[in-house]
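Structural characterization, general
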Amino acid sequence: MKPRQRKQYFRNMKRSDDSEREKRRKRWRLIQELGEQRIPYLSPADPGFQELWDSSYAGLALRQCSVLPDGLHERVQSALITLQRRGCLLRDLVRVRDRDVFTAVSRALVGQPGYTYRYLDTRLFAIPWHCEGEEGQKDENGKPCCDSDLRDACKAFWELNQFFCSDVRPQTNARGVKRSRSDTENSEDTPGEGMCEESVKDRLLEEKQEKEKKEEEEEDSSQGCSHSSPLSSTPPPNVGRLVQFNITLINYMDPTVMTQLKEEPYYGMGKMAVGWHHDENLVPLSPVAVYSYSCPAEPKNEGVTEKDGQGQSKDKEKETETEGEGTCKEELKEEREGLEKEEVQKEKACWRVGLKVAWDIHTPGLALPLQSGDCYYMTDDLNRTHQHCVLAGDMARFSSTHRVVQCCTRTLDYIQKRCSEALENLQTDPEKNTKSLKSLLPSTLQHTEDIHNEVEFEWLRQYWFQGRRYARFCSWWNKPMEQMEKDWKEMERMLNPYSASVHRLG
Ligand SMILES: O=C(O)CCC(=O)C(=O)O
Ligand SMILES: [Fe+2]
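Quick look at the structure, then. Since we're looking at a predicted model, the values are computed, not measured. (Residues numbered from 1 in each chain as written. Chains lettered and ligands numbered in written order. Predicted model: local features only at pLDDT ≥ 70, side-chain atom pairs only at ≥ 80, totals over all residues. Heavy atoms only, no water.)

Examining the overall build of the chain
Secondary structure summary: the chain contains twelve helices and 18 strands in total. Looking at the chain as a whole, 45% of its 506 residues are labelled buried. Only carbon and sulfur atoms are counted for the fraction: they give 50% of the accessible area of the chain, which is about 26900 Å². (Helix = DSSP H or I, 4+ residues; strand = E, 2+ residues; numbered from the N terminus. Buried < 20%, exposed > 50% of the residue type's maximum accessible area, 1.4 Å probe, protein only. Areas by Shrake-Rupley, 256 points an atom, 1.4 Å probe, with all protein chains shown as cover.)

Thoughts on the nonpolar core
Most often, soluble globular proteins have nonpolar side chains that are buried together. F157, F164, Y291, V455 and M484 are the most contacted members of the largest nonpolar core, which has 63 residues in total. Top element by residues in this core is helix 4 (residues 148–185). It accounts for eleven residues. Built from parts of two domains, this core gets at least three residues from each of domain 1 (41–187 + 232–301 + 344–403) and domain 2 (411–502). Among residues more than four places away in sequence, those in contact with M484 are L412, I415, C419, V455, W459 and L460. (Core = buried A, V, L, I, M, F, W, Y, C linked by side-chain atoms within 4.5 Å. Domains from an automatic or database assignment. Contact = heavy atoms within 4.5 Å.)

As for the packing of aromatic side chains
Counted by the stated rule, this structure contains 13 aromatic pairs. Considering the side-chain rings of F49 and W53, the 5.8 Å spacing of their centres and the 80° angle between planes classify their relative orientation as edge-to-face. With F49 and W53 both in helix 2 (residues 49–56) and four residues apart, this pair spans about one turn of that helix. Here F49 and W53 have matching classes, each one buried. Measuring from centroid to centroid gives 5.8 Å for F163 and F164, while their planes differ by 50°, and the two rings are tilted. The ring centre of W459 lies 4.3 Å from the NZ or CZ of R123, which sits over that ring. Taking NZ or CZ as reference, K356 lies 5.5 Å from the ring centre of W276, over its face. (Phe/Tyr/Trp six-rings, centres within 6.5 Å; stacked < 30°, edge-to-face > 60°. Lys NZ or Arg CZ within 6 Å of the ring centre and 35° of its normal.)

Comments concerning helix 10 (residues 442–465)
Spanning 24 residues, helix 10 covers 33 Å between terminal C-alpha atoms, matching the ideal 34 Å at 1.5 Å per step. Of all the bends in helix 10, the greatest, near 35°, is centred on E456. (Expected span 1.5 Å × (residues − 1). Bend = angle between axes of the 7 residues up to and from the residue.)

Section: the environment of P480
Tracing the sequence through the fold places P480 in helix 11 (residues 478–494). Along the sequence, P480 and D413 sit 67 residues apart, while their C-alpha atoms lie 10.0 Å from each other. Residues contacting P480, with those up to four places away along its chain left out, are L412 and Q416.

Re the coordination of the iron ion (ligand 2)
Geometry sets the ideal angles at a metal, namely 109.5 degrees for four tetrahedral donors and 90 or 180 degrees for six octahedral donors. Each protein donor to the iron ion (ligand 2) is listed here as H277 (NE2), D279 (OD) and H388 (NE2); together their distances run 2.1 Å. Each donor residue of the iron ion (ligand 2) belongs to the same chain, and together they define the spacing H-x1-D-x108-H. Of the two residues, H277 sits in strand 10 (residues 271–277) while H388 sits in strand 15 (residues 386–391), which places them 111 residues apart along the sequence. A relative accessible area of 22% places H277 in the partly exposed class. (Donors = N, O, S within 2.8 Å, 3.2 Å for Na, K, Ca; no water.)

Everything listed here is a matter of geometry and, on its own, says nothing about what the molecule does.
Written out as structure tokens, the structure is:
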């Protein structure tokens, strides 16, 4: 790649560096304001929990495990275990605050054929899921892209996805009614109670940035969508408010193996498997649906389970001792404190999702425990106005997080069209067997350069780095990525000044 092209690419990247710096500045200000203190947070056992949920976290909805249709839990759970056993779940190398780090959770992306999902500067390539009755995707030799085990697993995620698509709408509406009420309550121009001026400024600043980002995205997607999609069996997301989740990011973590988890820093909520974040790169205002499955550790961890058993019998001894003691005030106090501690321990043994209002240290946080099989939705603008984190429990846990990604710029279909656009400037002389550029207009060459960069940085490098690791389970991406590399090489030649000036390329 030539220096001029690199410069252009990095100029584009600078914008995101600036917003990273801005975020760091805001985080630093909040930490300073907070000092040594911890912000309160509420769990279901705390008084005021429901009121806080209704007033400040109305876009969050819990769906207990009983709502899923018969047999779906079994199919989804066995699919999750298949992905884990087959080694499809891998830790991603992501960029956080200018550092490259491995995620604590292992992940895989499953979804509509040809879709990708980009988070923390990393693009994941979806293992395609298969619809009811459909035989599955075939590769160029007419062979299925995955073996039947994996195909069945991916089909279970598709089925879960169908359930979420049909279930999330009534939830959103029900919450929507609630939300608009609380929106009116909070819609005064003056800062709400307990909200300092600085936080209001932060919020306004954030809203302004979000608005700009949204406008950019809309512009992006209107450009991207002007191509009609050959994957058009896939309905566009959010048509008539019907939610079409198109991918799921699967997470897995066993806390007995990942022992170096960070403590949640602002509220003291406990160990975090996933730190505070907004889900990125989704269709604005689209919901996120999460299935949570905590399970006993894999067989290799049986030793740990045994140790836990011993721990429990010691606790029992302690209990018996306490029962026999006298009842003076001091002892009662100690006992109560002990019970409270136990309550906290019990609560922390469960996996939880933590929520907080973004850039706000005055509204208490919310920690929602998840029983195995429970689902939750983040609807309306919850993902934009709030951040969430995942708090590790004692058991291993999977989650399947269903999202609506922009079909316009995140799909193979989109990038293939971009390649064709660039290659349109190429003409072939069949007699001389040469290729030449049709136009030497600077704007045309610039357009080719932009596409060349996009293909290289957003797709090829990401694929060689992260996406290729799935090739041993699923061949779906092999052929298209080979073709994309060929197109990229052709563009490289088109941008070569010597080739361009003599109009001879092939
Ligand atoms: O596992 C969960 O409950 C949510 C995970 C999450 O927030 C994410 O993957 O973005
Ligand atoms: Fe998330």
